[in-house]
Number of protein chains: 2
Amino acid sequence: MEFVVVGAGMAGAFLALALGRQGHTVTVYERRPDPRVNAVHTTSMNLGLSERGLKALERLGLRQEITRHVSPMRGRLVHNQDKSLRFSTYGDGGILAIQRHDLGVQLIEAATRSANVRFVFDTRCVGIDKDLPAADFVSESGNAFTVTPDVIVGADGAFSVVRKHMQRDERADFHQEFLDWGWRELHIPAAADGSHRMADDVFHLWPRGETMMFAHPNLDGSFTCSCVLPFEGPRSFDALRTSDDVESLFRELFPDVLDLVPDVGKVFLDQPTFKLVTTRTSPWHHDGKVVLIGDACHAVYPFLAQGMNAAFEDGLELADSFAARPDSPRAAVERFYQRRKPHTDALAEMSRQNFAELRDTVRSPGVRLEKACDVVLEKVLRHRWMPLHAMITNTTMPYADARAKAHRQRRILQGAAAAIGAVALGGLIRRFR
Amino acid sequence: MEFVVVGAGMAGAFLALALGRQGHTVTVYERRPDPRVNAVHTTSMNLGLSERGLKALERLGLRQEITRHVSPMRGRLVHNQDKSLRFSTYGDGGILAIQRHDLGVQLIEAATRSANVRFVFDTRCVGIDKDLPAADFVSESGNAFTVTPDVIVGADGAFSVVRKHMQRDERADFHQEFLDWGWRELHIPAAADGSHRMADDVFHLWPRGETMMFAHPNLDGSFTCSCVLPFEGPRSFDALRTSDDVESLFRELFPDVLDLVPDVGKVFLDQPTFKLVTTRTSPWHHDGKVVLIGDACHAVYPFLAQGMNAAFEDGLELADSFAARPDSPRAAVERFYQRRKPHTDALAEMSRQNFAELRDTVRSPGVRLEKACDVVLEKVLRHRWMPLHAMITNTTMPYADARAKAHRQRRILQGAAAAIGAVALGGLIRRFR
Ligand SMILES: Cc1cc2nc3c(=O)[nH]c(=O)nc-3n(C[C@H](O)[C@H](O)[C@H](O)COP(=O)(O)OP(=O)(O)OC[C@H]3O[C@@H](n4cnc5c(N)ncnc54)[C@H](O)[C@@H]3O)c2cc1C
Ligand SMILES: Cc1cc2nc3c(=O)[nH]c(=O)nc-3n(C[C@H](O)[C@H](O)[C@H](O)COP(=O)(O)OP(=O)(O)OC[C@H]3O[C@@H](n4cnc5c(N)ncnc54)[C@H](O)[C@@H]3O)c2cc1C
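Residues numbered from 1 in each chain as written. Chains lettered and ligands numbered in written order. Predicted model: local features only at pLDDT ≥ 70, side-chain atom pairs only at ≥ 80, totals over all residues. Heavy atoms only, no water.

For chain A, the name recorded in an unreviewed UniProt entry is FAD-dependent oxidoreductase, with Kutzneria chonburiensis as its organism. Recorded in UniProt under Cofactor (unreviewed entry), the annotation for chain A is "FAD". (UniProt positions renumbered as here; feature names shortened; annotations may be inferred.)

Spelled out as structure tokens, the structure:
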């Protein structure tokens, strides 16, 4: 079959690879320039790649190749305000930090090893006719053209143009919510000798209630930090107007980073602020002719570090669905939807909860106690008990199943606490009788 | 101040009236033709006008004038499938049925009695600049122009263009859901002598589970019926292809209507199908320069018959807010938002629940028993106990307060049931001891 994929982000590039391997003809159109020739290597965002993403890459024989370019993180290191540190392990597996740019280049290179896969850059989709189907593009140079493949895939991210056109005049459910928090990126350069200036094998976290920061190690000795702040209020992007404002915030909340980022005040103010959105929608497809994957149909808050991992799972499932129903594209996309939707909904919900939890890590001893019990029980009941975070990160258990299992475990934990309480109370009563 | 209102529907026409009375300059632009000159009096939709809407009209001195053109409905008459009937009263007040077209004309005529209010028809808003603010229009004849008032009001309904432009690039929450049910209108003409062919002082309801129909009386002896069916499935719009299909459905489910609508099969197939959408969003305003009212910021499922009533409440509150804060449009629109948002959210939720309830009226004796208790308690505890439907329809108690009171009452009812159950159980145990 002939596919047109809109967007060469994580979802689009991976899907092109998967479909190409199955012998389909695939053309990917991307509005940005080709990252392979784009020499300006931006010290770009990096992403956490975990078991789900790795398994998906493994299915396509890419696991080895890609894990040559990653920084493994074996757990989370919390930086307290008094500069003390607290480490908690990710358990088996851990998470790998990888630069978005590098991963993109590798996926595109792997995909184009199939002669039937082609990427066209600097070319923006401006609309589709979902019934033909046809997709309209305009290139950077102003050249407008239309293509008419068998299937159009919208892999064009959270603000998908394909989605908008596909759902026009349909009874489409659509939910979009933004966090009142945004983020800016900072860069901690390598030391003079090229080494890392903090532990290089962990995910660094500075939880400060309304404000937080985290950092991933890079292979070149540097770190990429994300500062998460509210948009409005006393300690917000809005309130930080001068270098002095920024520096005094860092001195108070992130004292151990202040010296690691040269000229942090000015650098911080020069960075753009990114928003954080979660979207949920249906339908994901139209008549076997148009289908959405990745952030185009389920953008989630990034604090569980799963969006790209889920996009890879989408890509495999969609390619598998076309293989399972070669007779009917309509049945294939419906199969894909049925198999993925409950899980991406669960992921969205867990990502939302996780943000609140992360924000409150500093405050809530209850959450911390539960987490501690979780980890102890995992040790004792090995393989029969697993903290939610471990199920999400270290396994490929479908998201909704992980959530259900975590609910069950939570009830057991609470039941046990109640039983212990009852026994204790019984003892107390006996003493006083 | 100078206002531009986009949309001369229920919300826009009412607001123009309210703002005009306060001496503001108001121009309303509407894409449709002027209903006053539009001689083709469509046997249009009619709407239930209840206490909230009436109180709002009363504040503007229009209650008398408008209630001259209505058909009062003192309760609900359920038509069972075996043609038997079951009546339940709406209590004090009741609901008035009014033709949307007539009400629109009256509001426009009342508004234009103020020399400072002007309506421009056949003119569509195609975009706004929210920061100037400026609004771009194109008239039916293709004439394009821009206006730059102090404030732009988006009263352009559920698919608001003003909202879309106002929220672009903002962190706007937006939720949209469609029912899997749609509706078509039918018309029961008057008898030969001009009289009504069913009771003319009630709201008629034919609940049939997945399918339902209801009818409002008109002043001219006719009725306007709405048939609500699923879009897909065995008994759906999709499944009704021929006149025979339609007639046999009516013969089975609505036998008493079959003979009242001449040529029902053909007429039904010729009607357009309307969708039912609920939307929830925020923000409702931008910087004191743009603000939304009515369906543009809160479309609800129509089964509680409150959308227009709520739009009138919006109009009053917005005009009052500009009067309360003449110093600051920004403070005025924020006041409006704070005062309305919790209530329109509550209305949306109750409208959603009400649809399920209405659909299940036939099936659930539990719901019916609770309703019966509600009505009895209302009689006994007069003014201290009130069924939810009565609070919504017969009072102006803010929606969220009505919902909270209903929750309290429900808990009392369930507590009482549990107590009665316990006493009964106690008796049983005593007997068997
Ligand atoms: C701050 C942050 C941190 C994150 N961290 C992680 C993490 O650690 N681990 C993880 O798994 N996920 C993470 N994610 C999520 C992850 O980035 C996304 O889920 C993932 O990138 C989604 O891939 P996608 O291809 O669907 O969308 P995108 O990566 O957004 O790609 C969409 C592509 O489509 C192109 N495009 C858009 N419109 C058009 C058009 N009209 N015509 C042509 N091309 C178009 C865009 O240029 C882009 O290249 C994070 C996200 C954020 C915001
Ligand atoms: C089947 C059904 C039954 C209902 N029954 C009841 C009931 O019994 N009681 C009740 O209170 N409510 C009822 N409602 C709800 C009620 O109809 C709406 O809540 C109410 O009409 C909302 O008023 P509005 O002015 O916000 O939107 P609308 O009435 O939709 O008015 C919007 C206006 O803006 C115009 N417009 C749109 N876009 C543009 C543009 N770009 N430029 C210029 N003009 C534009 C439109 O032409 C329209 O005139 C019902 C709704 C439905 C669907």
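Here the narrative resumes, following the displayed structure.
Colleague: Help me understand the overall build of chain A in this model?
Modeller: The number of helices and strands found in chain A is 14 helices and 20 strands. When burial is assessed residue by residue, chain A has 52% of its 433 residues classed as buried. Counted over contacts in chain A with a minimum sequence separation of 6, partners at least 24 positions apart contribute 68%. When the accessible surface of chain A is totalled, it reaches about 19,500 Å², and 53% of it is carbon and sulfur. (Helix = DSSP H or I, 4+ residues; strand = E, 2+ residues; numbered from the N terminus. Buried < 20%, exposed > 50% of the residue type's maximum accessible area, 1.4 Å probe, protein only. Contact = heavy atoms within 4.5 Å. Areas by Shrake-Rupley, 256 points an atom, 1.4 Å probe, with all protein chains shown as cover.)

Colleague: I would appreciate a short explanation of helix H1 (residues 10–21) of chain B in the present structure.
Modeller: For an α-helix, the turn length of 3.6 residues means that residues three or four places apart are oriented alike. Residues and elements named next belong to chain B. Compared with the 16 Å implied by 1.5 Å per residue over 12 residues, the 17 Å span of H1 between its first and last C-alpha is a close match. Most of H1 is tucked away: 11 of the 12 residues are buried. A positive phi of about 90° marks Gly23, the residue just after H1. (Expected span 1.5 Å × (residues − 1).)

Colleague: I would appreciate a short explanation of the packing of H1 of chain B against helix H10 (residues 307–324) of chain B in the present structure.
Modeller: How two helices pack is summed up by the angle between their axes together with the distance between the axes. Residue and element names in this part refer to chain B. Where H1 contacts H10, the axes come no closer than 9 Å and their chain directions differ by 30°. Relative to H10, the element H1 lies roughly parallel. Considering only the axes of H1 and H10, their crossing is right-handed. On the side of H1, the interface is formed by Met10, Ala11, Phe14, Leu15, Ala18 and Leu19, while H10 contributes Met308, Ala311, Phe312, Gly315, Leu316, Leu318 and Ala319. (Axes fitted to C-alpha atoms, helices over the stretch in contact; angles between N-to-C directions. Parallel < 35°, antiparallel > 145°, perpendicular 65-115°, else oblique. Left-handed = near helix turned anticlockwise from the far one by under 90°.)

Colleague: For this particular structure, what's the right way to read the site of ligand 2?
Modeller: All names here are of chain B. Ligand 2 sits among 29 residues. The nearest are Ala11, Glu30, Gly48, Arg100 and Asp295. Within the side chain of Asp295, an N or O atom sits 2.8 Å from an oxygen atom of ligand 2. Between ligand 2 and Ala305, the relevant distance is 3.1 Å, taken from a nitrogen atom to a main-chain nitrogen or oxygen of the residue. Burial of ligand 2 by the protein amounts to 88% of the accessible area it has alone, namely 990 Å². For the shell around ligand 2, the secondary-structure elements that each account for two or more residues are H1, strand E3 (46–49), strand E9 (123–129) and H10. Its residues assigned to classes, the shell around ligand 2 shows 13 nonpolar, 9 polar and 7 charged. (Near = heavy atom within 4 Å. Polar contact = N/O pair within 3.5 Å; in protein donor to acceptor, adjacent residues only side chain to side chain. Nonpolar A, V, L, I, M, F, W, Y, C, P; charged D, E, K, R; others polar.)

Colleague: When you look at the confidence of the model for chain A in this model, what are you seeing that I'm missing?
Modeller: Regions with low pLDDT carry predicted coordinates that are not meant to be interpreted in detail. Taken residue by residue, chain A gives an average pLDDT of 90. The fraction at 70 or more is 89%. Here the prediction assigns the complex a pTM of 0.86, and the interface score ipTM is 0.79. (pLDDT = per-residue confidence, 0-100.)

Colleague: It is not clear to me how the sheet that holds strand E2 (residues 25–29) of chain B should be interpreted in this structure. Could you clarify?
Modeller: Sheet strands line up and pair through hydrogen bonds in the backbone, either parallel or antiparallel. All names here are of chain B. Strand order in the open sheet formed by 6 strands is E8-E2-E1-E12-E19-E18, and the pairing between neighbours is mixed. Each edge of the sheet is formed by a strand with only one pairing partner; in this case those strands are strand E8 (117–120) and strand E18 (285–286). Relative to strand E19 (residues 290–292), E18 runs antiparallel, the two sharing 2 bridges. Paired with His285 across the bridge in E19 is Val291. (Pairing = 2+ DSSP bridges.)

Colleague: Can you walk me through the site of ligand 1 in this structure?
Modeller: Residue and element names in this part refer to chain A. As a matter of local geometry, ligand 1 sits amid 29 residues, with Ala11, Glu30, Gly48, Arg100 and Asp295 nearest to it. Within the side chain of Glu30, one N or O atom sits 2.6 Å away from an oxygen atom of ligand 1. Measuring from an oxygen atom of ligand 1, one finds a backbone N or O atom of Met308 at 2.9 Å. Every element with two or more residues in the shell around ligand 1 is listed here: helix H1 (10–21), strand E3 (46–49), strand E9 (123–129) and helix H10 (307–324). In the shell around ligand 1, the residues fall into 13 nonpolar, 9 polar and 7 charged.

Colleague: What is the right way to look at the pairing of strand E18 (residues 277–282) of chain A in this model?
Modeller: When a strand is regular, its side chains alternate between the sheet's two faces. All names here are of chain A. Of all 6 residues in E18, 5 are buried, a share of seventy percent or more. Relative to E18, strand E13 (residues 173–178) is paired through 6 bridges, and the arrangement is antiparallel. Among the inter-strand pairings, Asp173 is bridged to a residue of E18, identified as Ser282.

Colleague: Teacher, can you tell me more about the relation of the copies chain B and chain A here?
Modeller: Note on the chain copies: they are related by a rotation about an axis and a translation along it. Least-squares fitting of chain B to chain A yields an RMSD of 0.0 Å, with the superposition described by an axial translation of 0.0 Å and a rotation of 180°. Here the transformation between the copies is reduced to the relation of a two-fold axis. Minimal C-alpha separation from the rotation axis in chain B is found for His175 of chain B, amounting to 2.1 Å. Taken together, the interface assignments show that 100% of the residues at the interface of chain B recur at the interface of chain A, consistent with an identical surface on both copies. (Least-squares fit on C-alpha atoms with pLDDT ≥ 70 in both.)

Colleague: Would you mind showing me how to read the interface of chain B and chain A here?
Modeller: Note: interface size is frequently given as the accessible area lost on complex formation between the parts. Counting residues at the interface gives 15 residues for chain B, matched by 15 residues for chain A. For the pair chain B and chain A, the summed buried area comes to about 1,400 Å², and 43% of that belongs to carbon and sulfur atoms. The largest per-residue losses of area from chain B upon contact with chain A belong to Arg171, His175 and Phe178 of chain B, which jointly make up 42% of the total buried on that side. Viewed at the interface, chain A and chain B are joined by 4 salt bridges. Between Glu232 of chain B and Arg171 of chain A there is a salt bridge, with its nearest N and O atoms 3.9 Å apart. Linking chain B with chain A are 13 residue pairs in polar contact (both at pLDDT 80 or more). Grouping the amino acids of the side of chain B that touches chain A by side-chain chemistry returns 5 nonpolar, 2 polar and 8 charged. (Buried area = accessible area lost by both parts, 1.4 Å probe. Salt bridge = Lys/Arg side-chain N within 4 Å of Asp/Glu carboxyl O.)

Colleague: Explain empty space enclosed by the protein here, please?
Modeller: The method is simple in principle: a probe with the dimensions of a water molecule rolls over the atoms, and the space it marks as empty is what remains. Residues and elements named next belong to chain B. Taken as a whole, this structure holds 1 cavity of 30 Å³ or more when the rule is applied. Approximately 30 Å³ is the volume found for the largest cavity. Looking at the largest cavity, the residues that line it are Thr279, Arg280, Cys297, His298, Thr344, Asp345 and Ala348. Breaking the lining of the largest cavity down by element, the ones donating at least two residues are strand E17 (274–282), helix H9 (295–298) and helix H11 (329–360). Counting residues per element, the lining of the largest cavity draws most heavily on H11, at 3 residues. Classifying every residue of the lining of the largest cavity by side-chain character gives 2 nonpolar, 3 polar and 2 charged. (1 Å grid on protein atoms, 1.4 Å probe; cavity = no way out; pocket = protein on both sides within 12 Å on 5 of 7 lines; lining within 4 Å. Points joined across faces, edges and corners; volume = space filled by probe spheres on them.)

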